[in-house]
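# Coordinate analysis (summary)
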Amino acid sequence: MPGTVPTMGWVDTHCHLQLDERGAEPLLARATEVDWVVVPGVDVESSKASAHLAVLHPGRVVPTAGLHPHDAGLWGVQGPAITEMAGAAAAIGETGLDFYRNLSSREEQIGSFQAQIDLAIELGKPIIVHCRDAFADVYSIIEGTGVAAQTVLHCWTGGPRWTRRFLDLGVMFSFAGPVAFETGETVRLGAAEVPPERALVETDTPYLAPPPHRGAPNEPAWVALVGVALAGVWGLAVDEVAAVTSSNAQRVFGR
Ligand SMILES: [Zn+2]
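Residues numbered from 1 in each chain as written. Predicted model: local features only at pLDDT ≥ 70, side-chain atom pairs only at ≥ 80, totals over all residues. Heavy atoms only, no water.

Let's shift gears to the pattern of salt bridges. Taken as a whole and assessed by the stated rule, the structure comprises five salt bridges. Among the ionic pairs, E219 bridges to R22, the shortest N-O distance being 3.6 Å. With E219 in the loop between β8 (199–201) and α8 (223–234) and R22 in the loop between β1 (10–12) and α1 (24–30), this pair connects stretches of sequence that are 197 residues apart. E219 sits in the buried class, given a relative accessible area of 5%. E193 is the partner of R164 in a salt bridge, and the nearest nitrogen-oxygen pair spans 3.1 Å. Taken as a pair, R164 in helix α6 (residues 160–169) and E193 in the loop between α7 (185–191) and β8 lie far apart in primary sequence, 29 residues in all. (Salt bridge = Lys/Arg side-chain N within 4 Å of Asp/Glu carboxyl O. Helix = DSSP H or I, 4+ residues; strand = E, 2+ residues; numbered from the N terminus. Buried < 20%, exposed > 50% of the residue type's maximum accessible area, 1.4 Å probe, protein only.)

Set out below in structure tokens:
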């Protein structure tokens, strides 16, 4: 329907379309206000699937290669293949630390995270970082390795204090459904500290659907609801949030 619906031009910088049992195509087809999406790999298989989706949807799907902290124990086995795929990927990750679920040991998570940071630095590519109950460790690793300017903190849920500390390091903050949750007051207070030019929006599809869709499988079309929440926090018009976050995404992911 060209000409009938003005596009808002969102970029969903984190959606696992390759992990969604509904398949990527219907989700992309109805995300009419979303210009392009980043599909993070979480292991070898999903990184390959991300690269495949990017071939099927050139310009609309941007691929990454990485190993999630949940599976960090597999780095010894999967690291070589992920490293090989990294050259053609737009970003490294999703990596990071998850000391909430601890599905891999802390040592394994730190080892895998550091290896992927080395890769991001070597290739000069952005790195997508998952951080749950691990603010202090993620902070000191990022600070110590000098990767901050390439770092995207995905699904950022930090309050004002951690947000200010990471802001000073020079990272980008990617906001997801929690900034729109009724219980998201801390996330909104954190977001209020972030200048719009340092922010991205994402859905984390199929997880974390924003209201009024909470509990349903998430999808890229709903990224605008994250943007609406940020517009409220920043006192900006929604289309201004779309414009600034999309231009940030372009800058970060080189599209
Ligand atoms: Zn993710």
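Structure's up, so let's keep going.
Bringing the environment of E84 into the picture now. Relative to the helices and strands, E84 is located in helix α3 (residues 75–86). Using a relative accessible area of 70% as the deciding quantity, one classes E84 as exposed. Sequence-wise, E84 and H70 are 14 residues apart; in three dimensions their C-alpha atoms are separated by 21 Å.

This next bit is on the coordination of the zinc ion. Within the first shell, the zinc ion binds the protein through H14 (NE2), H16 (NE2) and E94 (OE), at distances of 2.0 to 2.1 Å. Of note, the zinc ion draws all its donor residues from one chain, in the sequence arrangement H-x1-H-x77-E. Of the two residues, H14 sits in the loop between β1 and α1 while E94 sits in strand β4 (residues 91–98), which places them 80 residues apart along the sequence. By relative accessible area, H14 is classed as buried at 0%. When its relative accessible area of 2% is taken as the criterion, E94 is described as buried. (Donors = N, O, S within 2.8 Å, 3.2 Å for Na, K, Ca; no water.)

Another aspect to go through is the packing of helix α4 (residues 106–123) against helix α5 (residues 135–145). Their axes nearest at 11 Å, the elements α4 and α5 cross at an angle of 35°. For the crossing formed where α4 meets α5, the hand is right-handed. Contact residues: α4 offers I110, F113, Q114, I117 and I121, while α5 offers V138, I141, I142 and T145. For the contact of α4 with α5, a count of residues per class yields seven nonpolar, two polar and no charged. (Axes fitted to C-alpha atoms, helices over the stretch in contact; angles between N-to-C directions. Left-handed = near helix turned anticlockwise from the far one by under 90°. Contact = heavy atoms within 4.5 Å. Nonpolar A, V, L, I, M, F, W, Y, C, P; charged D, E, K, R; others polar.)

Nothing here speaks to function; it is geometry throughout.
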